[in-house]
Amino acid sequence: MIKLKADLHIHTVLSPCADLEMSPVNIVNAAKDNKIDLIAITDHNSTLQCSLVKELAEKKGISVLCGVEVTTREEVHCLAYFENPGKLGLFQKYLNKHTPKFPYLPGVFGYQLLVDKEEQIIEMVENYLNVALSQSIEQVEREVHRLGGLFVPAHIERPLGGIFNHLGFIPDTLTCDAMGIMRQSNEAEIRSRFGLVADIALIKSSDAHSLKEIGSGCTWFELNEPSFDEIKMAMMGINGRKITTK
């Protein structure tokens, strides 16, 4: 078994709320500087910057989970991770279909930039990304799992976007592979506050929107290798794989 330091909630400059310094190359360099072994890219309602980050990170020995932070119809923020570009692309089509089209105002909402490895702008995304989908949390979860992905409600204790603030409970019909907590939170306190049993894995991440935040919240994965299947088994606590937040 190996032990990997992971930060599984990072935004790039594609997210309108992220700093302009959050380019793929800068994110990878910051992860390397912070000795992070595994990162996940989770822009708001878009997967388009994931592949480049993965390409750059793997050259530096950093593994990448390609994903997205989805805002459901109920305004709950959820993380979805996928194994390969094909599944990621299919989920992007789902997002395109169910994301309302609102023109964004850069001076009000921030920039939404798709950039290359030289940090040159490829595209300025026209429709505002940080909006609620027309799909419920159950519908999003089912689509993620239909595509073989991992479904993780994000920062569950946070007033904005947290599942307990917006729904008040975890629906019995919802299947979660893990749940995310904020970088400053204590796992034991969160479990006690919301009555979360031990077999629900909690993942602490930075939710980084700036370079200085990368690695400010991390989870340690104990597994055989940094593959998608091993990460999933660690979340489920199978065959000695496990995750810890301290």
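All values reported here derive from a predicted model rather than from experimental measurement.

In terms of helices and strands, the chain carries 8 helices and 11 strands. Here the chain has a C-alpha radius of gyration of 17 Å; the compact-globule value for 246 residues is 18 Å, and the two agree. Considered along the principal axes of its C-alpha atoms, the chain spans approximately 45 × 40 × 30 Å. By the burial criterion, 54% of the 246 residues in the chain qualify as buried.

Even without glycine at this site, Glu 75 takes up a positive phi of about 75 degrees. Positionally, Glu 75 belongs in the loop between β3 (63–71) and β4 (77–82). Its relative accessible area of 41% is what places Glu 75 among the partly exposed residues.

Time to look at the pairing of strand β1 (residues 2–10). Here is the key point about a regular strand: its side chains alternate between the two faces of the sheet. The pairing of β1 with strand β10 (residues 219–223) spans 5 bridges and is classified as antiparallel. Considered in β10, the bridge of Lys 3 is made with Glu 222.

Once that is clear, we can look at the nonpolar core. Residues Ile 10, Ile 39, Phe 91, Ile 156 and Ile 214 are the most contacted members of the largest nonpolar core, which totals 45 residues. Take this core: its biggest share by element is 5 residues, from helix α2 (residues 50–58). Sequence-distant contacts of Ile 10, defined by excluding residues within four places in its chain, comprise Met 22, Ile 27, Ile 39, Ala 40, Ile 41, Thr 42, Asp 43, Ser 206, Ala 208 and Ile 214. In terms of nonpolar packing, the next biggest core, distinct from the first, is built from 21 residues, Leu 4, Ala 40, Val 152 and Phe 228 among them.

Take the environment of Arg 191 next. With respect to the helices, strands and loops of the structure, Arg 191 is situated in helix α7 (residues 187–194). Accessibility expressed as a relative area gives 16% for Arg 191, which makes it buried. Sequence separation between Arg 191 and Leu 202 is 11 residues, and the spatial gap between their C-alpha atoms is 8.9 Å. Among all residues touching Arg 191, those that are not within four sequence positions of it are Leu 196, Val 197, Ala 198, Ile 200, Ala 201 and Leu 202.

Right, let's talk about the pattern of salt bridges for a bit. Under the criterion given, the structure shown has 8 salt bridges. As a salt-bridge pair, Lys 59 and Glu 55 come within 3.8 Å of each other at their nearest N and O atoms. Taking the relative accessible area as the measure of exposure, Lys 59 reaches 61% and is therefore exposed. Between Arg 146 and Glu 143 there is a salt bridge, with the nearest N and O atoms lying 2.9 Å from each other. Taken as a pair, Arg 146 and Glu 143 lie in helix α5 (residues 137–146) at a separation of 3 residues, close to a single helical turn.

The next thing to look at is the environment of Lys 59. Positionally, Lys 59 belongs in the loop between α2 and β3. Sequence separation between Lys 59 and Lys 87 is 28 residues; the distance between their C-alpha atoms is 23 Å.

Attention now goes to the state of the cysteines. For the structure shown, the criterion picks out 0 disulfides. Sulfur of Cys 17: no disulfide; nearest cysteine sulfur belongs to Cys 50 and is 15 Å away. The structure places no disulfide on Cys 176, whose sulfur is separated from the nearest cysteine sulfur, that of Cys 78, by 7.5 Å. Looking at Cys 176, the relative accessible area reads 23%, which means it is partly exposed.

Thresholds, definitions, all that
Residues numbered from 1 in each chain as written. Predicted model: local features only at pLDDT ≥ 70, side-chain atom pairs only at ≥ 80, totals over all residues. Heavy atoms only, no water. Helix = DSSP H or I, 4+ residues; strand = E, 2+ residues; numbered from the N terminus. Rg over C-alpha atoms; globule rule 2.2 N^0.38 Å. Buried < 20%, exposed > 50% of the residue type's maximum accessible area, 1.4 Å probe, protein only. Pairing = 2+ DSSP bridges. Core = buried A, V, L, I, M, F, W, Y, C linked by side-chain atoms within 4.5 Å. Contact = heavy atoms within 4.5 Å. Salt bridge = Lys/Arg side-chain N within 4 Å of Asp/Glu carboxyl O. Disulfide = S-S within 2.5 Å.

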